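# Working through the structure, step by step
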Amino acid sequence: MNRSLPLVILAMAILAFATVMLVVAPKVQIGREPAAAGLKPYTTEQLRGRALYSSLGCVYCHSQQPRAPDQAPDAERGWGRASIAADYAYDSPHLMGTMRTGPDLLNVGARLPSASWQLTHLYQPRAVSAWSIMPAYPFLFEVKDRASPGDRVVWLPEDRRIPGKVVVAKPEARDLVAYLLSLDRTYPVPRSAIRDDGYSRGGATQ
Amino acid sequence: MTTDRESVDEAFEPYEPKRRVPLPVYWVAIALALWGALTLLRDSSADRTGAKQRIAEATTLERRQTATGSALFAERCATCHQADGTGVDGAIPPLAGSPFVGASPGVIVQILLHGIEGPISVNGSDFDGHMPAFGSVLDDDQLARLATSVRGTWGPGGSISPGFVATERARTAQRTSPWHGGDEIATTLDRTIGVQPAYLPAPRSPDDLTAQSIASIGKAGGWSCASCHGSHGEGRDGVPRLAGLSPDYIARQLLAFTDGSRPNDIMRPVAQQLTAADRVALGRLFASLATPSSSHPALEGDVARGAELALQGDDRRNLPSCFSCHGPSGFGVSPNIPSIAAQRPSYTAGRLAALARLTSRQPGSIMPAIAGRLSDADRRAVADYLATLPPSPATSSKDAR
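Here the structure is a predicted model, which is why all the values come from computation and not from measurement.

### Digging into the overall build of chain B
What chain B contains, in helices and strands, is 19 helices and three strands. A compact globule built from 401 residues should have a C-alpha radius of gyration of about 21 Å, whereas chain B, at 31 Å, is more than 25% larger. On the principal axes, the C-alpha backbone points of chain B span a range of 135 × 55 × 40 Å. Taking all 401 residues of chain B together, the buried fraction comes to 45%. Summarising the internal contacts of chain B: among those between residues at least 6 apart in sequence, 68% fall at separations of at least 24. Entry remark: accessible area of chain B is about 20,700 Å², with carbon and sulfur atoms responsible for 59%. The positive charge centre, built from 38 side chains, and the negative charge centre, built from 40, are 2 Å apart in chain B.

### Considering the pattern of salt bridges
All names here are of chain B. The final tally for this structure, using the stated rule, is 23 salt bridges over all chains. Of the charged contacts, one joins R344 and D237 as a salt bridge, the two residues approaching to 3.2 Å between their closest N and O atoms. With R344 in the loop between helix 16 (322-326) and helix 17 (345-358) and D237 in the loop between helix 11 (225-229) and helix 12 (247-259), this residue pair connects regions lying 107 residues apart in the sequence. Classification of R344 as buried rests on a relative accessible area of 13%. With a shortest N-O distance of 3.3 Å, R317 and D378 are connected by a salt bridge. One end of the pair, R317, is in the loop between helix 15 (303-311) and helix 16; the other, D378, is in helix 19 (residues 376-387), with 61 residues separating them in the sequence. Among the residues examined, R317 registers a relative accessible area of 32% and is labelled partly exposed. Taken together, the shared-partner salt bridges in this structure form one network comprising R305, E308, D314, R316, R317 and D378.

### Section: the sheet that holds strand 2 (residues 125-131) of chain B
All names here are of chain B. The strand order across the open sheet built from three strands is 2-1-3, with neighbouring strands paired in mixed fashion. Edge positions in the sheet fall to strand 2 and strand 3 (179-180), since each has one partner strand and no second. Here strand 1 (residues 116-122) runs beside strand 2; their pairing, made up of seven bridges, is antiparallel. Looking across to strand 2, one finds that I116 is bridged to M131.

### Looking at the packing of aromatic side chains
This structure, assessed with the given rule, holds seven aromatic pairs over all chains. Note on Y53 of chain A and Y179 of chain A: the rings are 5.3 Å apart at their centroids and 70° apart in plane angle, and the pair reads as edge-to-face. Placement of Y53 of chain A in helix 2 (residues 44-55) and of Y179 of chain A in helix 6 (residues 171-182) is noted, with a sequence separation of 126 residues between them. With relative accessibility at 1%, the residue Y53 of chain A sits in the buried group. The buried category is assigned to Y179 of chain A, whose relative accessible area is 0%. With a centroid separation of 5.8 Å and an interplanar angle of 75°, the aromatic rings of Y137 of chain A and F139 of chain A are classed as edge-to-face. Of the aromatic side chains, those joined through ring pairs into one cluster are Y42, Y53 and Y179 of chain A. The ring centre of W179 of chain B lies 4.0 Å from the NZ or CZ of R175 of chain B, which sits over that ring.

### Things to note about helix 3 (residues 69-76) of chain B
Here helix 3 of chain B has its buried residues at G69, L72, F73 and R76 of chain B. An end-on view of helix 3 of chain B places all buried positions within 105° of arc, on one side of the element.

### Quick look at the side chain of D314 of chain B
All names here are of chain B. With respect to the helices, strands and loops of the structure, D314 is situated in the loop between helix 15 and helix 16. Taking the relative accessible area as the measure of exposure, D314 reaches 4% and is therefore buried. Setting aside anything within four residues of it in sequence, one finds D314 in contact with R305, L309 and L319.

### Brief notes about the nonpolar core
Of all hydrophobic cores here, the largest spans 49 residues; its most connected members are Y53 and F141 of chain A together with L282 and F286 of chain B. Tallying contributions element by element places helix 6 of chain A first for this core, with five residues. F141 of chain A has contacts with L119, L122, Y123, V154, V167, V168, A169, K170 and A173 of chain A, leaving out every residue within four places of it along the chain. Residues V101, F134, L143 and W179 of chain B belong to the second largest nonpolar core, which totals 35 residues.

### Details of the domain arrangement of chain B
Residue and element names in this part refer to chain B. Domain assignment breaks chain B into domain 1 (69-193) and domain 2 (202-401). Centre-to-centre separation of domain 1 and domain 2, based on C-alpha positions: 27 Å. Each side of the interface is counted separately: domain 1 has 17 residues, and domain 2 has 16 residues. A combined buried area of about 1,300 Å² lies between domain 1 and domain 2, and 57% of that area is made up of carbon and sulfur atoms.

### Examining helix 10 (residues 206-217) of chain B
Residue and element names in this part refer to chain B. Taking 1.5 Å per residue as the helical rise, helix 10 with its 12 residues ought to reach 16 Å, and the 17 Å between its terminal C-alpha atoms agrees with that figure. Turning to helix 10, its buried residues number three or more, namely D208, A211, I214 and A215. Taken around the axis of helix 10, the buried residues stretch over an arc of 120°, which confines them to a single face. Set apart from the buried face of helix 10 by more than 90 degrees, the exposed residues are P206, L209 and I217. In this structure, the buried residues of helix 10 make contact with helix 11 and helix 14 (276-287). Taken from the residues just after helix 10, G218 is the one with a positive phi, measuring 90°.

### Focus on the state of the cysteines
The final tally for this structure, using the stated rule, is zero disulfides over all chains. C58 of chain A forms no disulfide, and the closest cysteine sulfur to it belongs to C61 of chain A, at a distance of 8.8 Å. Owing to a relative accessible area of 12%, C58 of chain A belongs among the buried residues under this scheme. Lacking any disulfide linkage, C228 of chain B is separated from the closest cysteine sulfur, that of C225 of chain B, by 9.4 Å. Residue class for C228 of chain B comes out buried when judged on its relative accessible area of 12%.

### Here's the deal with the side chain of S321 of chain B
Residues and elements named next belong to chain B. Tracing the chain through its elements places S321 in the loop between helix 15 and helix 16. You can call S321 buried: its relative accessible area is 12%. Look past the residues within four positions of S321 in its chain and what remains in contact with it is L309, A310, L311, Q312 and G313.

About the criteria used
- Residues numbered from 1 in each chain as written.
- Chains lettered and ligands numbered in written order.
- Predicted model: local features only at pLDDT ≥ 70, side-chain atom pairs only at ≥ 80, totals over all residues.
- Heavy atoms only, no water.
- Helix = DSSP H or I, 4+ residues; strand = E, 2+ residues; numbered from the N terminus.
- Rg over C-alpha atoms; globule rule 2.2 N^0.38 Å.
- Buried < 20%, exposed > 50% of the residue type's maximum accessible area, 1.4 Å probe, protein only.
- Contact = heavy atoms within 4.5 Å.
- Areas by Shrake-Rupley, 256 points an atom, 1.4 Å probe, with all protein chains shown as cover.
- Lys, Arg positive; Asp, Glu negative; His and termini not counted.
- Charge placed at Lys NZ, Arg CZ, Asp CG, Glu CD.
- Salt bridge = Lys/Arg side-chain N within 4 Å of Asp/Glu carboxyl O.
- Pairing = 2+ DSSP bridges.
- Phe/Tyr/Trp six-rings, centres within 6.5 Å; stacked < 30°, edge-to-face > 60°.
- Lys NZ or Arg CZ within 6 Å of the ring centre and 35° of its normal.
- Arc of directions from axis to C-beta.
- Core = buried A, V, L, I, M, F, W, Y, C linked by side-chain atoms within 4.5 Å.
- Domains from an automatic or database assignment.
- Buried area = accessible area lost by both parts, 1.4 Å probe.
- Expected span 1.5 Å × (residues − 1).
- Disulfide = S-S within 2.5 Å.

Here it is in structure tokens:
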């Protein structure tokens, strides 16, 4: 190592270049993007649910980034239009995820807007879809003899009911459902939005 | 041996003599750099074409919005009323010489805004059908142009301004149902229309109240219809619109969810709770809802291509037109063929994609084969086009009258 200084300088230069291109430039480009007009900030209940979403590791199996039609048939799956930078204005950090073991959830609030369905599904996904591989989250629920006033009772199909007992949602489950139902980016994309035009050159239509 | 050992330089450090980099390495490097630059250039051109495409889409939409009254008539009305306004004997009333077209301008605007459901009498013939409501799919400008054109061709002429349409729209903003036949129009809007056959509402049955409660709060604690399909059956992204579907079609589908002949994980558990009477009552309830359309193109599909597929089909791909089976304007043919007008585009496209995967497992069903021949772009095109249509008219169960 008799000429270490140029080597170090070169290494730093490469690192600096990469940082400028991958961190600084996107930050400058996206950082100025205002929140989309139709997007509401999360409420405290939804934020608690969001924290739970992170801690339960939902992000390992569910992405939050529908793709453009020429990259994946996400819109036809009912997952919504390709997301834009402005959709994540209130997400810090974002929970885009990388895996799609389960469906994309960025528009789950529009696709499955029923809170009672969400509760049943979280308590026991197999009660809804026999083939589901999603883990059940029974610890977000309480099995009681009878519901007290103000309790949110979870409806179950007959073969899943516990005789003489009712399943009641804990506040955690209600927070998580509040967050899931807030995931609704179906408002139209602003004309000026930074968005993904996909790979298409000739256009999305063939 | 010793002399040999002494001659070896112990402090020797290996070094590599300076050698020129072989030319092929330069070539490879230059080629890679060129490739990189080209890719960058092509990507940036993709960005530009993306923008161009959006502008092109916007202009098609704008062209649709600025279409003349007669173009709007050809696109929206001529399927039923015919291009020459003569209607269809016994089914669709004529416009030529119609007292409704000849009446004060408010009448035609109100009919376009809310549609008609029930009997009307035109030029001595009685009709008992449904006219869709265009209030949710055409704006004041378009409605003004369309009404002016119809009155200019078959009525007393004169110009209807967008401002007038806006006033009329505001005047009946509270209205949630179509006009109940010619009688209501004649008595509330313009008496010069003359005597019209009376409208007899369908009798209410005790099951209707049960259906109301299942729809809004669910049966025995189960998920309610409204929690996904909306409180007026308007549907949401990926959840179908139910308002205005045929009552028999809804009842049949609920049965199909129950016995598994239409597999659907979300509908099955709730459908299994329902009795036969519930199914029929729910069908009647949703069929009677005149909910405005809340659908709009959302899949970046080519709306013009979608219109071509819906109206004419595509012979080269062996695709029949949608409307050849789903009825004029895609309002469905009871009890087996559903209304496809004003459905959410993501639902329509998703359903077509799911049907395509079914191949021909269901004997007697032709949709899987047709859906299989639709390309992805065509599915999006047709779904986006159907979202621009007025919703199928509500029926308050004509059979019951």
